[in-house]
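Residue-level listing of the chains:
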Amino acid sequence: QTEGPPGERDRGRSHERRRACGGDSEENCAHDGGRAPVFDEVCEQTGITLTRYMMEVSRANPELRDLESLISGIQQACKTISSLVDRATITGMVGYANGGGSINVQGEEQKKLDVVTNDVLKRALRFTGKVGIIASEEEDVPVFNKDAYKVPGGEGKYQDVTVDIGSKYVTVFDPLDGSSNVDANIPTGTIFGVYEEAESMENCMVNDDSVEGSCLLNTLQPGDALVASGYCLYSSSCMFVFTIGAGVNGFTYDRSIGEFVLTHPNIQLPKRGKIYSMNEANRWDWDKPLQDYVTAIQTGQGQTKAKYSSRYIGSMVGDVHRTLLYGGIFGYPADKKNKDGKLRLLYEAAPMSFLMEQAGGLSLTGKTRIMDLVPQKVHQRVPFLAGSYDDVMEMRSYYDACDDPEIIKRCLARLEGSAK
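Residues numbered from 1 in each chain as written. Predicted model: local features only at pLDDT ≥ 70, side-chain atom pairs only at ≥ 80, totals over all residues. Heavy atoms only, no water.

### Topic: the confidence of the model for the chain
Stage number 1. The predicted model of the chain averages 84 in pLDDT, with 79% of residues at 70 or higher.
Stage number 2. Under a pLDDT of 50 for its full length, residues 1-30 has, in the predicted model, 89 contacts with residues more than four places off or in other chains.
Stage number 3. Segment residues 156-165 is flagged for pLDDT under 50; beyond a separation of four residues in sequence, or across chains, it makes 30 contacts in the model. (pLDDT = per-residue confidence, 0-100. Contact = heavy atoms within 4.5 Å.)

Next up, the structure:
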(Lines give C-alpha, C1' and ligand atoms only; values in the text may rest on other atoms or scores of the structure.)
Protein backbone atom coordinates (compact mmCIF):
# COMPACT_ATOMS: atom_id res chain seq x y z
CA GLN A 1 0.00 0.00 0.00
CA THR A 2 1.13 3.51 -0.78
CA GLU A 3 1.43 6.46 1.55
CA GLY A 4 -1.22 9.19 1.64
CA PRO A 5 -4.85 9.67 2.64
CA PRO A 6 -6.82 6.39 2.78
CA GLY A 7 -9.33 7.61 0.19
CA GLU A 8 -6.53 7.73 -2.40
CA ARG A 9 -5.22 4.22 -1.82
CA ASP A 10 -6.09 1.13 -3.80
CA ARG A 11 -9.10 -0.61 -2.36
CA GLY A 12 -9.24 -4.36 -1.55
CA ARG A 13 -11.76 -6.57 0.19
CA SER A 14 -9.40 -8.44 2.53
CA HIS A 15 -10.03 -7.62 6.19
CA GLU A 16 -6.49 -8.47 7.21
CA ARG A 17 -4.87 -5.30 8.42
CA ARG A 18 -2.11 -4.06 10.63
CA ARG A 19 -3.57 -2.75 13.87
CA ALA A 20 -0.95 -0.59 15.50
CA CYS A 21 -1.51 1.15 18.82
CA GLY A 22 1.21 3.71 18.36
CA GLY A 23 4.24 4.03 16.12
CA ASP A 24 3.83 4.56 12.39
CA SER A 25 0.49 5.53 10.88
CA GLU A 26 -1.86 2.62 10.41
CA GLU A 27 -2.08 0.98 7.02
CA ASN A 28 -5.44 1.03 5.39
CA CYS A 29 -7.45 -1.86 4.04
CA ALA A 30 -9.69 0.03 1.68
CA HIS A 31 -12.75 -0.73 -0.38
CA ASP A 32 -13.52 -1.85 -3.89
CA GLY A 33 -15.04 1.39 -5.16
CA GLY A 34 -17.52 1.23 -8.00
CA ARG A 35 -16.64 3.08 -11.18
CA ALA A 36 -17.88 6.66 -11.09
CA PRO A 37 -20.42 7.49 -13.81
CA VAL A 38 -19.61 9.79 -16.71
CA PHE A 39 -22.24 12.29 -17.88
CA ASP A 40 -21.90 13.24 -21.54
CA GLU A 41 -25.07 15.32 -21.48
CA VAL A 42 -26.84 17.21 -18.69
CA CYS A 43 -30.36 18.67 -18.72
CA GLU A 44 -30.12 22.43 -18.15
CA GLN A 45 -33.39 22.45 -16.21
CA THR A 46 -32.83 19.56 -13.81
CA GLY A 47 -29.07 19.07 -13.70
CA ILE A 48 -27.81 15.65 -12.59
CA THR A 49 -30.31 14.21 -10.16
CA LEU A 50 -29.48 11.57 -7.57
CA THR A 51 -31.91 9.25 -9.34
CA ARG A 52 -30.03 9.60 -12.63
CA TYR A 53 -26.67 9.38 -10.85
CA MET A 54 -27.57 6.00 -9.36
CA MET A 55 -28.97 4.78 -12.70
CA GLU A 56 -25.62 5.59 -14.31
CA VAL A 57 -23.74 3.95 -11.43
CA SER A 58 -25.83 0.82 -12.00
CA ARG A 59 -25.08 0.85 -15.73
CA ALA A 60 -21.34 1.25 -15.11
CA ASN A 61 -21.35 -1.32 -12.29
CA PRO A 62 -23.99 -4.03 -12.90
CA GLU A 63 -23.07 -5.67 -9.60
CA LEU A 64 -24.41 -2.55 -7.82
CA ARG A 65 -27.84 -2.66 -9.47
CA ASP A 66 -29.56 -3.64 -6.22
CA LEU A 67 -27.83 -0.77 -4.44
CA GLU A 68 -29.66 1.61 -6.78
CA SER A 69 -33.00 0.48 -5.31
CA LEU A 70 -31.68 0.80 -1.77
CA ILE A 71 -30.37 4.36 -2.25
CA SER A 72 -33.69 5.25 -3.89
CA GLY A 73 -35.49 4.11 -0.73
CA ILE A 74 -33.14 6.09 1.51
CA GLN A 75 -33.47 9.29 -0.49
CA GLN A 76 -37.26 9.01 -0.45
CA ALA A 77 -37.20 8.58 3.33
CA CYS A 78 -34.93 11.62 3.66
CA LYS A 79 -37.34 13.76 1.63
CA THR A 80 -40.12 12.72 3.99
CA ILE A 81 -38.00 13.41 7.08
CA SER A 82 -37.01 16.80 5.68
CA SER A 83 -40.68 17.72 5.41
CA LEU A 84 -41.37 16.43 8.94
CA VAL A 85 -38.52 18.52 10.37
CA ASP A 86 -39.53 21.63 8.41
CA ARG A 87 -43.08 21.50 9.75
CA ALA A 88 -42.38 20.11 13.23
CA THR A 89 -43.35 23.24 15.16
CA ILE A 90 -46.53 23.61 13.08
CA THR A 91 -47.65 19.99 13.42
CA GLY A 92 -46.71 19.64 17.08
CA MET A 93 -43.94 17.13 16.41
CA VAL A 94 -41.58 18.84 18.86
CA GLY A 95 -40.92 17.71 22.41
CA TYR A 96 -40.63 14.26 23.95
CA ALA A 97 -42.41 11.12 22.79
CA ASN A 98 -45.45 10.03 24.79
CA GLY A 99 -45.26 13.18 26.88
CA GLY A 100 -41.84 12.18 28.24
CA GLY A 101 -40.43 9.05 29.82
CA SER A 102 -39.92 7.09 26.57
CA ILE A 103 -36.35 5.78 26.81
CA ASN A 104 -34.40 4.07 24.03
CA VAL A 105 -31.76 1.36 24.49
CA GLN A 106 -29.09 4.07 24.91
CA GLY A 107 -30.84 5.29 28.05
CA GLU A 108 -31.74 8.49 26.21
CA GLU A 109 -35.18 10.05 26.31
CA GLN A 110 -36.76 9.90 22.86
CA LYS A 111 -38.12 12.90 21.02
CA LYS A 112 -41.33 12.53 19.03
CA LEU A 113 -39.39 12.82 15.79
CA ASP A 114 -36.95 10.08 16.87
CA VAL A 115 -39.79 7.58 16.86
CA VAL A 116 -41.48 8.81 13.67
CA THR A 117 -38.31 9.13 11.58
CA ASN A 118 -37.12 5.69 12.68
CA ASP A 119 -40.39 4.22 11.40
CA VAL A 120 -40.14 6.17 8.12
CA LEU A 121 -36.65 4.83 7.40
CA LYS A 122 -37.48 1.26 8.42
CA ARG A 123 -40.47 1.14 6.12
CA ALA A 124 -38.66 2.76 3.19
CA LEU A 125 -35.82 0.26 3.47
CA ARG A 126 -38.15 -2.68 3.93
CA PHE A 127 -40.15 -1.79 0.85
CA THR A 128 -37.04 -1.86 -1.40
CA GLY A 129 -36.84 -5.64 -0.99
CA LYS A 130 -33.04 -5.32 -0.90
CA VAL A 131 -32.45 -4.96 2.85
CA GLY A 132 -32.39 -8.15 4.88
CA ILE A 133 -31.33 -6.61 8.20
CA ILE A 134 -31.89 -3.17 9.70
CA ALA A 135 -30.06 -1.76 12.74
CA SER A 136 -30.96 1.61 14.23
CA GLU A 137 -30.10 3.81 17.17
CA GLU A 138 -33.75 3.50 18.21
CA GLU A 139 -33.88 -0.34 18.07
CA ASP A 140 -32.64 -2.59 20.86
CA VAL A 141 -31.38 -5.27 18.46
CA PRO A 142 -31.03 -5.63 14.66
CA VAL A 143 -34.33 -6.29 12.91
CA PHE A 144 -34.68 -9.13 10.38
CA ASN A 145 -36.69 -7.96 7.37
CA LYS A 146 -38.60 -11.00 6.18
CA ASP A 147 -40.16 -8.96 3.35
CA ALA A 148 -36.78 -9.11 1.57
CA TYR A 149 -37.22 -12.86 1.18
CA LYS A 150 -40.69 -13.08 -0.31
CA VAL A 151 -41.10 -15.85 -2.86
CA PRO A 152 -41.85 -14.57 -6.40
CA GLY A 153 -45.45 -15.27 -7.27
CA GLY A 154 -46.17 -16.32 -3.73
CA GLU A 155 -48.85 -13.65 -3.22
CA GLY A 156 -47.06 -12.29 -0.20
CA LYS A 157 -46.77 -15.69 1.48
CA TYR A 158 -43.54 -17.17 2.75
CA GLN A 159 -42.15 -20.66 2.30
CA ASP A 160 -40.78 -22.46 5.33
CA VAL A 161 -37.28 -21.64 4.12
CA THR A 162 -36.51 -18.16 2.89
CA VAL A 163 -35.26 -17.67 -0.63
CA ASP A 164 -32.49 -15.25 -1.60
CA ILE A 165 -33.70 -12.99 -4.40
CA GLY A 166 -30.84 -10.79 -5.61
CA SER A 167 -28.47 -8.98 -3.28
CA LYS A 168 -29.41 -8.43 0.34
CA TYR A 169 -27.86 -5.66 2.36
CA VAL A 170 -27.49 -4.77 6.02
CA THR A 171 -28.41 -1.13 6.58
CA VAL A 172 -27.57 0.76 9.77
CA PHE A 173 -28.69 4.28 10.62
CA ASP A 174 -29.29 7.07 13.08
CA PRO A 175 -32.66 8.35 11.84
CA LEU A 176 -32.39 11.86 13.29
CA ASP A 177 -29.01 12.84 14.66
CA GLY A 178 -29.25 15.97 16.80
CA SER A 179 -32.99 15.55 17.38
CA SER A 180 -32.69 17.45 20.67
CA ASN A 181 -31.91 20.51 18.52
CA VAL A 182 -35.14 20.43 16.49
CA ASP A 183 -37.07 22.56 18.99
CA ALA A 184 -34.39 25.27 18.64
CA ASN A 185 -34.31 25.04 14.81
CA ILE A 186 -30.66 23.95 14.76
CA PRO A 187 -29.41 21.67 11.91
CA THR A 188 -30.14 17.95 12.24
CA GLY A 189 -29.48 14.99 9.97
CA THR A 190 -29.83 11.31 9.09
CA ILE A 191 -26.73 9.06 9.03
CA PHE A 192 -26.65 5.71 7.23
CA GLY A 193 -24.29 2.89 6.34
CA VAL A 194 -24.75 -0.10 4.03
CA TYR A 195 -23.01 -3.47 4.30
CA GLU A 196 -23.32 -6.64 2.28
CA GLU A 197 -24.49 -9.70 4.21
CA ALA A 198 -21.45 -11.36 5.75
CA GLU A 199 -23.36 -14.65 5.77
CA SER A 200 -26.42 -15.36 3.68
CA MET A 201 -29.74 -15.51 5.51
CA GLU A 202 -31.25 -17.71 2.80
CA ASN A 203 -31.22 -20.83 4.99
CA CYS A 204 -32.81 -19.11 8.00
CA MET A 205 -36.37 -20.03 8.84
CA VAL A 206 -38.56 -16.93 9.05
CA ASN A 207 -39.50 -17.64 12.67
CA ASP A 208 -36.39 -19.59 13.59
CA ASP A 209 -34.36 -18.71 16.70
CA SER A 210 -31.25 -18.66 14.49
CA VAL A 211 -32.42 -15.43 12.87
CA GLU A 212 -31.38 -13.20 15.77
CA GLY A 213 -27.88 -14.69 15.87
CA SER A 214 -27.50 -14.38 12.10
CA CYS A 215 -28.68 -10.76 12.28
CA LEU A 216 -25.98 -9.96 14.81
CA LEU A 217 -23.31 -11.78 12.79
CA ASN A 218 -24.22 -9.82 9.68
CA THR A 219 -24.52 -6.50 11.49
CA LEU A 220 -21.30 -6.43 13.51
CA GLN A 221 -18.95 -5.64 10.64
CA PRO A 222 -16.02 -3.19 10.56
CA GLY A 223 -16.19 0.06 8.63
CA ASP A 224 -13.81 -1.44 6.08
CA ALA A 225 -16.70 -3.66 4.95
CA LEU A 226 -19.02 -0.74 4.15
CA VAL A 227 -20.43 -0.68 0.63
CA ALA A 228 -21.93 2.80 0.96
CA SER A 229 -22.48 5.45 3.60
CA GLY A 230 -23.74 8.97 3.85
CA TYR A 231 -25.91 11.53 5.55
CA CYS A 232 -28.76 13.86 4.81
CA LEU A 233 -28.48 17.33 6.36
CA TYR A 234 -31.66 19.22 7.25
CA SER A 235 -30.70 22.89 7.47
CA SER A 236 -31.05 26.07 5.39
CA SER A 237 -31.17 23.61 2.51
CA CYS A 238 -31.50 19.83 2.52
CA MET A 239 -28.36 18.03 1.32
CA PHE A 240 -27.70 14.35 0.62
CA VAL A 241 -23.99 13.49 0.79
CA PHE A 242 -22.79 9.94 0.21
CA THR A 243 -20.12 7.58 -1.11
CA ILE A 244 -20.15 4.17 -2.74
CA GLY A 245 -16.37 3.86 -2.43
CA ALA A 246 -15.56 6.05 -5.44
CA GLY A 247 -15.36 9.52 -3.93
CA VAL A 248 -17.90 11.71 -2.13
CA ASN A 249 -20.71 13.60 -3.87
CA GLY A 250 -23.25 16.06 -2.48
CA PHE A 251 -26.79 16.62 -3.78
CA THR A 252 -29.09 19.52 -2.81
CA TYR A 253 -32.85 18.98 -2.61
CA ASP A 254 -34.70 21.03 -5.24
CA ARG A 255 -38.25 21.13 -3.91
CA SER A 256 -39.57 22.53 -7.19
CA ILE A 257 -38.88 19.24 -8.97
CA GLY A 258 -38.81 16.96 -5.93
CA GLU A 259 -35.29 15.71 -6.65
CA PHE A 260 -31.81 15.83 -5.11
CA VAL A 261 -29.53 17.59 -7.65
CA LEU A 262 -25.75 17.23 -7.83
CA THR A 263 -24.23 20.47 -6.52
CA HIS A 264 -21.02 19.29 -4.84
CA PRO A 265 -19.27 16.73 -7.09
CA ASN A 266 -16.15 14.93 -5.86
CA ILE A 267 -15.86 16.62 -2.46
CA GLN A 268 -12.21 16.75 -1.36
CA LEU A 269 -11.10 17.73 2.13
CA PRO A 270 -8.27 20.27 2.21
CA LYS A 271 -5.08 18.69 3.58
CA ARG A 272 -5.18 21.36 6.26
CA GLY A 273 -7.90 23.51 7.72
CA LYS A 274 -8.03 26.39 10.19
CA ILE A 275 -11.02 25.26 12.26
CA TYR A 276 -11.35 22.91 15.21
CA SER A 277 -14.76 21.79 16.42
CA MET A 278 -15.32 20.21 19.84
CA ASN A 279 -17.39 20.84 22.96
CA GLU A 280 -14.88 22.80 25.01
CA ALA A 281 -17.07 22.67 28.10
CA ASN A 282 -15.51 19.20 28.57
CA ARG A 283 -11.98 20.33 27.77
CA TRP A 284 -10.40 19.68 31.15
CA ASP A 285 -11.88 16.18 31.20
CA TRP A 286 -10.35 15.21 27.83
CA ASP A 287 -7.24 13.06 27.45
CA LYS A 288 -4.12 15.13 28.17
CA PRO A 289 -2.73 14.68 24.62
CA LEU A 290 -5.89 16.21 23.16
CA GLN A 291 -5.80 19.10 25.62
CA ASP A 292 -2.20 19.83 24.58
CA TYR A 293 -3.01 19.61 20.86
CA VAL A 294 -5.96 22.02 21.08
CA THR A 295 -3.90 24.46 23.16
CA ALA A 296 -1.17 24.37 20.50
CA ILE A 297 -3.47 25.13 17.54
CA GLN A 298 -5.32 27.80 19.54
CA THR A 299 -2.13 29.68 20.35
CA GLY A 300 -0.36 29.23 17.01
CA GLN A 301 2.14 26.74 18.43
CA GLY A 302 1.07 23.84 16.17
CA GLN A 303 2.88 22.61 13.07
CA THR A 304 1.45 25.34 10.83
CA LYS A 305 2.04 28.15 13.38
CA ALA A 306 -1.45 29.41 12.51
CA LYS A 307 -4.10 30.14 15.15
CA TYR A 308 -7.18 28.01 14.53
CA SER A 309 -10.76 29.23 15.00
CA SER A 310 -13.40 27.34 16.98
CA ARG A 311 -16.76 26.41 15.43
CA TYR A 312 -19.13 23.95 17.10
CA ILE A 313 -22.79 23.26 16.27
CA GLY A 314 -23.40 20.28 18.55
CA SER A 315 -25.05 18.28 15.77
CA MET A 316 -22.71 15.67 14.24
CA VAL A 317 -24.07 15.91 10.71
CA GLY A 318 -23.76 19.70 10.68
CA ASP A 319 -20.24 19.68 12.12
CA VAL A 320 -19.06 16.91 9.76
CA HIS A 321 -20.57 18.71 6.77
CA ARG A 322 -18.73 21.93 7.55
CA THR A 323 -15.49 19.99 8.10
CA LEU A 324 -15.82 18.19 4.75
CA LEU A 325 -16.20 21.51 2.94
CA TYR A 326 -13.76 23.72 4.84
CA GLY A 327 -11.29 21.29 6.42
CA GLY A 328 -9.92 21.25 9.94
CA ILE A 329 -10.78 18.75 12.66
CA PHE A 330 -14.03 17.76 14.35
CA GLY A 331 -14.15 15.65 17.47
CA TYR A 332 -16.40 14.00 19.99
CA PRO A 333 -13.56 12.69 22.15
CA ALA A 334 -13.28 10.53 25.23
CA ASP A 335 -13.45 12.28 28.59
CA LYS A 336 -13.36 11.30 32.25
CA LYS A 337 -17.10 10.60 32.31
CA ASN A 338 -17.31 8.90 28.90
CA LYS A 339 -14.03 7.03 28.49
CA ASP A 340 -15.19 5.54 25.18
CA GLY A 341 -16.80 8.71 23.90
CA LYS A 342 -20.50 8.96 23.11
CA LEU A 343 -20.81 8.31 19.37
CA ARG A 344 -21.89 4.83 18.28
CA LEU A 345 -19.31 2.95 16.20
CA LEU A 346 -21.68 1.02 13.95
CA TYR A 347 -24.09 3.65 12.68
CA GLU A 348 -22.40 6.98 13.40
CA ALA A 349 -18.60 6.76 13.63
CA ALA A 350 -17.94 4.13 10.93
CA PRO A 351 -20.22 5.59 8.21
CA MET A 352 -18.84 9.10 8.79
CA SER A 353 -15.28 7.73 8.80
CA PHE A 354 -15.89 6.12 5.40
CA LEU A 355 -16.98 9.51 4.05
CA MET A 356 -13.98 11.27 5.57
CA GLU A 357 -11.51 8.82 4.09
CA GLN A 358 -13.18 8.88 0.68
CA ALA A 359 -12.84 12.67 0.69
CA GLY A 360 -9.11 12.36 1.45
CA GLY A 361 -9.33 12.84 5.22
CA LEU A 362 -8.79 10.57 8.21
CA SER A 363 -10.81 9.42 11.21
CA LEU A 364 -9.31 8.10 14.47
CA THR A 365 -10.27 7.36 18.04
CA GLY A 366 -7.13 9.24 19.00
CA LYS A 367 -4.58 6.64 17.93
CA THR A 368 -6.61 3.95 16.19
CA ARG A 369 -8.22 4.06 12.75
CA ILE A 370 -11.98 3.79 13.29
CA MET A 371 -12.57 1.86 10.05
CA ASP A 372 -10.48 -1.00 11.46
CA LEU A 373 -12.65 -1.54 14.53
CA VAL A 374 -15.08 -4.47 14.59
CA PRO A 375 -18.13 -3.65 16.75
CA GLN A 376 -18.55 -5.98 19.71
CA LYS A 377 -22.15 -4.91 20.20
CA VAL A 378 -24.68 -2.93 18.18
CA HIS A 379 -24.58 0.23 20.30
CA GLN A 380 -20.86 0.25 21.15
CA ARG A 381 -19.42 3.74 21.60
CA VAL A 382 -16.04 5.09 20.47
CA PRO A 383 -14.20 8.42 20.58
CA PHE A 384 -14.29 10.21 17.22
CA LEU A 385 -11.68 12.65 15.87
CA ALA A 386 -11.81 13.27 12.13
CA GLY A 387 -11.08 15.77 9.41
CA SER A 388 -8.21 16.99 7.23
CA TYR A 389 -5.53 14.33 6.94
CA ASP A 390 -2.61 16.46 8.13
CA ASP A 391 -4.59 17.97 11.00
CA VAL A 392 -5.69 14.55 12.27
CA MET A 393 -2.16 13.15 11.95
CA GLU A 394 -0.81 16.12 13.93
CA MET A 395 -3.40 15.42 16.63
CA ARG A 396 -2.36 11.76 16.65
CA SER A 397 1.29 12.68 17.16
CA TYR A 398 0.35 13.95 20.62
CA TYR A 399 -1.20 10.57 21.44
CA ASP A 400 1.81 8.72 20.02
CA ALA A 401 4.09 10.69 22.34
CA CYS A 402 1.92 9.92 25.37
CA ASP A 403 2.84 7.07 27.71
CA ASP A 404 -0.26 7.30 29.94
CA PRO A 405 -1.01 3.63 30.81
CA GLU A 406 -4.76 4.29 31.00
CA ILE A 407 -4.89 5.65 27.42
CA ILE A 408 -2.75 2.77 26.12
CA LYS A 409 -4.96 0.26 27.93
CA ARG A 410 -8.13 1.67 26.34
CA CYS A 411 -6.54 1.66 22.90
CA LEU A 412 -5.39 -1.95 23.24
CA ALA A 413 -8.80 -3.05 24.54
CA ARG A 414 -10.51 -1.73 21.38
CA LEU A 415 -7.99 -3.44 19.13
CA GLU A 416 -8.15 -6.73 21.03
CA GLY A 417 -11.93 -6.67 20.78
CA SER A 418 -11.65 -6.18 17.02
CA ALA A 419 -9.18 -9.05 16.71
CA LYS A 420 -11.51 -11.61 18.33
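After that view of the structure, there is still more to cover.
### Some remarks on the packing of aromatic side chains
Stage number 1. Taken as a whole, this structure holds nine aromatic pairs when the rule is applied.
Stage number 2. With 6.0 Å between their ring centres and 45° between their planes, Phe-242 and Phe-251 make a pair best called tilted.
Stage number 3. Ring-pair connections join several aromatic residues into one group, and the members of that group are Tyr-53, Phe-192, Phe-240, Phe-242, Phe-251, Tyr-253 and Phe-260. (Phe/Tyr/Trp six-rings, centres within 6.5 Å; stacked < 30°, edge-to-face > 60°.)

### Comments concerning the pairing of strand S1 (residues 131-136)
Stage number 1. Along S1, six of the six residues are buried, which leaves the element largely enclosed by surrounding structure.
Stage number 2. Where S1 meets strand S2 (residues 143-144), two bridges bridge the pair, whose relative direction is antiparallel. If you follow Ile-134 over to S2, its bridge partner there is Val-143.
Stage number 3. Between S1 and S2, which pair antiparallel one after the other, the connecting turn spans six residues. (Buried < 20%, exposed > 50% of the residue type's maximum accessible area, 1.4 Å probe, protein only. Helix = DSSP H or I, 4+ residues; strand = E, 2+ residues; numbered from the N terminus. Pairing = 2+ DSSP bridges.)

### Some points on the pattern of salt bridges
Stage number 1. Scanning the entire structure with this criterion turns up 21 salt bridges.
Stage number 2. Residues Glu-394 and Arg-272 are paired through a salt bridge, measuring 2.6 Å at the closest nitrogen-oxygen approach. Taken together, the residues Glu-394 in helix H9 (residues 389-400) and Arg-272 in the loop between strand S8 (259-264) and strand S9 (275-277) connect sequence positions 122 residues apart.
Stage number 3. Judged by its relative accessible area of 24%, Arg-272 is partly exposed.
Stage number 4. Glu-406 is the partner of Arg-410 in a salt bridge, and the nearest nitrogen-oxygen pair spans 3.7 Å. Residue Arg-410 and its partner Glu-406 are located together in helix H10 (residues 405-419), separated by four residues, close to a single helical turn.
Stage number 5. The exposure class assigned to Glu-406 is partly exposed, which follows from its relative accessible area of 35%.
Stage number 6. By sharing partners, the salt bridges in this structure join Asp-224, Glu-357, Arg-369 and Asp-372 into a single network. (Salt bridge = Lys/Arg side-chain N within 4 Å of Asp/Glu carboxyl O.)

### Focus: the sheet that holds strand S5 (residues 226-234)
Stage number 1. Spatially, the eight strands line up as an open sheet ordered S2-S1-S3-S4-S5-S6-S7-S8, and their pairing is mixed. In the strand order of this sheet, the two ends are held by S2 and S8, each with one partner.
Stage number 2. Note that S5 and strand S6 (residues 238-243) share six bridges and pair antiparallel. When the bridges of S6 are listed, Cys-232 appears paired with Phe-240.
Stage number 3. Lying over the sheet, helix H1 (residues 50-60) contacts S6, strand S7 (248-254) and S8, oriented at roughly 10° with respect to S6. (Axes fitted to C-alpha atoms, helices over the stretch in contact; angles between N-to-C directions.)

### As for the sheet that holds strand S11 (residues 329-332)
Stage number 1. If you trace the five strands from one edge of the open sheet to the other, you get S10-S9-S11-S15-S13, paired in mixed fashion. In this open sheet, the two strands that pair with only one neighbour each are strand S10 (309-310) and strand S13 (362-364).
Stage number 2. Strand direction decides the pairing type here: S11 and strand S15 (residues 384-387), joined by four bridges, are antiparallel. Residue pairing for S15: Phe-330 is matched across the bridge by Ala-386.

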